[in-house]
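Chains, contacts and geometry: an overview
So you can see what is in the structure, the chains are spelled out below.
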Amino acid sequence: RQESTMALGIYTTSHNDAWDKIARKFYGSEHFMHLLLEANPELANHELLPANLKVVVPEKPEELKTNKLPIWKR
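What counts as what
- Residues numbered from 1 in each chain as written.
- Predicted model: local features only at pLDDT ≥ 70, side-chain atom pairs only at ≥ 80, totals over all residues.
- Heavy atoms only, no water.
- Buried < 20%, exposed > 50% of the residue type's maximum accessible area, 1.4 Å probe, protein only.
- Helix = DSSP H or I, 4+ residues; strand = E, 2+ residues; numbered from the N terminus.
- Arc of directions from axis to C-beta.
- Contact = heavy atoms within 4.5 Å.
- Core = buried A, V, L, I, M, F, W, Y, C linked by side-chain atoms within 4.5 Å.
- Salt bridge = Lys/Arg side-chain N within 4 Å of Asp/Glu carboxyl O.
- Phe/Tyr/Trp six-rings, centres within 6.5 Å; stacked < 30°, edge-to-face > 60°.
- Lys NZ or Arg CZ within 6 Å of the ring centre and 35° of its normal.

Let us now look at helix H1 (residues 19-27). Taken residue by residue, H1 has Trp 19, Ile 22, Ala 23 and Tyr 27 as its buried positions. Taken down its axis, H1 places every buried residue within 100° of arc, on the same side. Lining the buried residues of H1 we find strand E1 (7-12), strand E2 (17-18), helix H2 (33-39), strand E3 (48-49) and strand E4 (54-58). Among the residues trailing H1, Gly 28 stands out with phi positive, at a value near 85°.

The following block contains the structure:
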């Protein structure tokens, strides 16, 4: 059974947005861009995104939110 992913929202791209830039904006790190790619498979073939695309921004799974953070940042 596939669990649904909760979305933080929809982001409308600006000209030449990139997955890593969007990941940094919403998650604080480009290392989470795979969450964006998995939530938007129809856009995954774009390295640079054209303006005005609607990108689903999923919430980070709870284990990704806390497990990798230093104790002082949890």
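After that view, the rundown keeps rolling.
Turning to the nonpolar core, a few remarks are in order. Counting residues in each nonpolar core, the largest one holds 12 residues, listed as Tyr 11, Trp 19, Ile 22, Ala 23, Tyr 27, Phe 32, Leu 35, Leu 36, Leu 43, Leu 49, Val 55 and Val 57. Broken down by element, the residue count for this core peaks at four residues, all from H1. Non-local contacts of Leu 36, meaning those with residues more than four positions away in its chain, are made with Trp 19, Ile 22, Ala 23, Tyr 27, Val 55, Val 56, Val 57 and Pro 58.

The next thing to look at is the pattern of salt bridges. Applying the stated criterion across every chain yields a total of three salt bridges. With a shortest N-O distance of 3.8 Å, Arg 24 and Asp 20 are connected by a salt bridge. Within this pair, Arg 24 and its partner Asp 20 are both found in helix H1, separated by four residues, close to a single helical turn. One salt bridge in this structure joins Glu 30 and Arg 24, with 3.6 Å as the shortest N-O distance. Among the charged side chains, a salt-bridge network with shared partners connects Asp 20, Arg 24 and Glu 30.

Moving on, we come to the packing of aromatic side chains. A complete count under the given rule lists two aromatic pairs for this structure. With centroids separated by 5.6 Å and ring planes inclined at 75°, the aromatic side chains of Tyr 11 and Phe 26 adopt a geometry described as edge-to-face. Taken together, the residues span a long stretch of sequence, with Tyr 11 in strand E1 and Phe 26 in helix H1 at a distance of 15 residues. One Lys or Arg, Lys 60, reaches over the ring of Phe 32 and ends 4.3 Å from the middle of that ring.

In this section: unusual backbone geometry. Here the phi dihedral of Asn 16 falls at roughly 65°; this positive angle occurs in a residue that is not glycine. On the secondary structure map, Asn 16 appears in the loop between E1 and E2. Judged by relative accessible area, which is 41%, Asn 16 ranks as partly exposed.

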